[in-house]
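Fold and geometry: a report
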Amino acid sequence: MFICNGKSVCKGIAIGKIKFYAKTSQAVVQRKIEDTEKEKKRYAQAKKQAIAELECLYEKARKEAGEESAEIFHVHGMLLEDEGYNDSVNHTIETQQVNAEYAVALTGDHYADMFANMDDDYFKARSADMKDISERVVRILNGAADSCDLGQEPVIIAAENLAPSETIRMDKSKLIAFVTKEGSSNSHTAILARTMGIPALVSTAVDDSCNGKIGIVDGYEGKFIIDPTEDILESYRAKKAADDEEKALLQQMKGKETVTGSGKKIHLCANIGHPSDLAAVLENDADGIGLFRSEFLYLETEDYPTEEQQFAAYKKVVQTMGGKKVIIRTLDIGADKQVKYFSLDQEANPALGLRGIRICLTREDIFRTQLRALYRASAYGNLSIMYPMIISAEEVLKIKEISGSVREELIAEGVTVGNVEEGIMIETPAAAIMSDELAKHVDFFSIGTNDLTQYTLAMDRQNEKLEMFYNPHHPAVLRLIQMVVDNGHREGIWTGICGELGADTCLTEQFVKMGVDELSVAPGNILPIRKIICDMK
Ligand code: PEP
Ligand code: MG
């Protein structure tokens, strides 16, 4: 038995098999080959397996996300069948007398460079596809499994770190806990764990020696127990049963209005990052969706998602929520959420760089496509749009000019558009300080405390070394929240909190007293917070 201590970012207890997630990039070694025919056969076999894997992925994506999202796996299959690509691999094996892995990597790099240098955005985007298919074949030749494929059994994922683009590919129904070496309380893996309601630890000294062993993640004590003794296992089974029972008791809060004893009503909503989180939203009886991070659409595809793909996803969310309010945040990539096909430059300070609304205002085509999809979906439910990373009224006016023209364009095309509220996230100190001015131009404010804290305290939210300095209850942040609420109310608009602080139960009463109108939290936090509010005088 071995115990690693870590920092808990989501409470709960999980017991199960550990899968150590190793990064997919495969090492390729050049070897001299005598029997080139045998090597060509190895390649043909690996290619066949890669195509079979792609067909399975196509079917899975088609069922989960629809035909258009699945199409990329067809394209990859076709690229693997390309005569030029195959001839190049076989020719390299034959003439250079090298192993198949090396020939595939060399051919993949050659094609990727060729596409990257083309003067056409569509072909440029194929560069990443060529790298992807070649990595898949190399992985198969190396005899390694796809590390994002979690297998059939539920597992605890242990890893050095996890990028949003990796977690998005994992089958969430097989995930029971996360344990990572890197990451912080506000990293996106931590947010994902809270959305899923599964225990998670960061800053834990894990390595691949735990792979395949039985593990216990104790999200209350911040412990990761590897290979537990039978006694420890037994005591944790009992703790988990008690935990499950407590959760069952909270079920009584379902169907109740979120209102204090003196009659102050709070709109208690859920944060989601994927349409697959909707089940948890309904299960926990949220009053609506206060933050739908739309990045998933861009992270799980290998090219810009089309208007139709986005429309289908947004429509599904608003329809599932019936008439309840759904606030969809426009694209917020950059910083830690990198997407290859955006070809963003490396930046010295990405959190202070080209991210969120700044990308949308410099790449208006991408922004307009998303807005068209959002307005079209608004006809099917109660949809609001929210813009991230705002710093000035000028930005808001520019955004409104673009959104207004998209709306008019659709109406001119005869498309039905709903009544859409437009709000902004207050997640920069500039926006908080200017909130009196900003309130004149928008329908609501939603405070993103994750970024607001990072920018106010000048502390990278991703940097685990800062945890000892990072005070989420810092009075500067709380004063800014109060200022935003008051400025919003003065102009007659409502203010919510959708950052992680909104779920901090030590502050729930304080937020209600401050006049916050909405709290939007991970689905698993809805019922405990409703209980606190309903128990208030
Ligand atoms: C925030 O910054 O508080 C927020 C909700 O946005 P994200 O965590 O996606 O940056
Ligand atoms: Mg943010």
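Counting restarts for each chain, with residues numbered from 1 along the sequence as it is written. Here the convention is simple: chains get letters from A, ligands get numbers from 1, in the order in which they are written. Whole-chain, interface and lining totals are the exception, using all residues; otherwise, since this is a predicted model, local features are given only for residues with pLDDT of at least 70 and side-chain atom pairs are given and counted only at 80 or more. Excluded from the side-chain calculations are hydrogens and water; all other atoms, namely the structure's heavy atoms, are used.

**Section: the sheet that holds strand E12 (residues 382-387)**
Pairing is parallel around the closed barrel formed by eight strands, whose spatial order is E9-E10-E11-E12-E13-E14-E15-E16. With strand direction ignored, the average angle separating the axes of adjacent strands in the sheet is 25°. Across four bridges, the pairing between strand E14 (residues 444-447) and strand E15 (residues 494-497) is parallel. Along E15, the bridge assignment pairs Phe-444 with Trp-494. A pair of strands is considered paired only if DSSP assigns at least 2 bridges between the two. Numbering of helices and strands runs from the N terminus; a helix is a DSSP stretch of H or I covering at least four residues, while a strand is a stretch of E covering at least two. All axes are obtained by fitting lines to C-alpha atoms, using only the stretch in contact for helices, and the reported angles, taken between N-to-C directions, cover 0 to 180 degrees.

**Notes on the coordination of the magnesium ion (ligand 2)**
Any N, O or S atom lying within 2.8 Å of the metal counts as a donor, and for Na, K and Ca the limit rises to 3.2 Å; water is left out, so some sites can look incomplete. The magnesium ion (ligand 2) binds to the protein through Glu-427 (OE) and Asp-451 (OD), with metal-donor distances spanning 2.0 to 2.2 Å. Taken together, the positions of Glu-427 in the loop between strand E13 (421-426) and helix H15 (429-433) and Asp-451 in helix H17 (residues 449-456) put the pair 24 residues apart, joining distant regions of the chain. For Glu-427, a relative accessible area of 2% corresponds to the buried category. Think of it in three bands: residues with accessible area under 20% of the maximum for their type are buried, residues over 50% are exposed, and the middle band is partly exposed, with areas taken using a 1.4 Å probe on protein chains only.

**So, the packing of helix H13 (residues 364-377) against helix H14 (residues 393-412)**
Interaxial distance between H13 and H14 falls to 9 Å at its minimum, and their mutual angle equals 55°. In this view, H13 runs oblique relative to H14, as classed from their interaxial angle. Crossing geometry of H13 relative to H14 is assigned as right-handed. Counted together, Glu-364, Phe-367, Arg-368, Leu-371, Arg-372, Tyr-375 and Arg-376 of H13 and Lys-398, Ile-399, Ile-402, Ser-403, Ser-405, Val-406, Arg-407, Glu-409 and Leu-410 of H14 form the full contact between these two elements. Grouping the amino acids of the contact of H13 with H14 by side-chain chemistry returns seven nonpolar, two polar and seven charged. Note that the term roughly parallel is reserved for angles under 35 degrees, roughly antiparallel for angles over 145, roughly perpendicular for angles of 65 to 115, and oblique for everything else. A crossing counts as left-handed when the near helix is turned anticlockwise from the far one by less than a right angle, and as right-handed when that turn is clockwise. Two residues qualify as a contact provided that any one of their heavy atoms is within 4.5 Å of a heavy atom in the partner residue. Each residue is assigned to one of three groups, with Ala, Val, Leu, Ile, Met, Phe, Trp, Tyr, Cys and Pro labelled nonpolar, Asp, Glu, Lys and Arg labelled charged, and all others, Gly among them, labelled polar.

**Describing the pattern of salt bridges**
Think of a salt bridge as a Lys or Arg side-chain nitrogen and an Asp or Glu carboxyl oxygen that are within 4 Å of each other. Inspection of the entire model under this criterion finds 38 salt bridges. Between Lys-325 and Glu-421 there is a salt bridge, with its nearest N and O atoms 3.4 Å apart. Of this pair, Lys-325 sits in strand E11 (residues 325-329) while Glu-421 sits in strand E13; the two residues are 96 residues apart in sequence, bridging distant segments of the chain. Looking at Glu-421, the relative accessible area reads 28%, which means it is partly exposed. Between Asp-451 and Arg-461 there is a salt bridge, with the nearest N and O atoms lying 2.9 Å from each other. Here Asp-451 is found in helix H17, whereas its partner Arg-461 is found in the loop between H17 and helix H18 (475-490), with 10 residues between them in sequence. Take Asp-451 and Arg-461: they sit in the same class, and that class is buried.

**Description of the sheet that holds strand E6 (residues 200-202)**
Spatially, the eight strands line up as an open sheet ordered E1-E8-E7-E3-E4-E5-E6-E2, and their pairing is mixed. The sheet terminates laterally at strand E1 (2-5) and strand E2 (7-10), the two strands that pair on one side only. Ignoring strand direction, the axes of neighbouring strands in this sheet form an average angle of 30°. Two elements, strand E4 (residues 155-159) and strand E5 (residues 175-180), share five bridges in a ladder whose sense is parallel. Within the sheet, the bridge partner assigned to Val-155 lies in E5 and is Leu-175. Across the sheet, helix H8 (residues 230-250) lies against strand E3 (13-21), strand E7 (214-218) and strand E8 (223-226), angled at about 115° from E3, the strand it touches most.

Function cannot be inferred from these measures alone, as they are strictly geometric.
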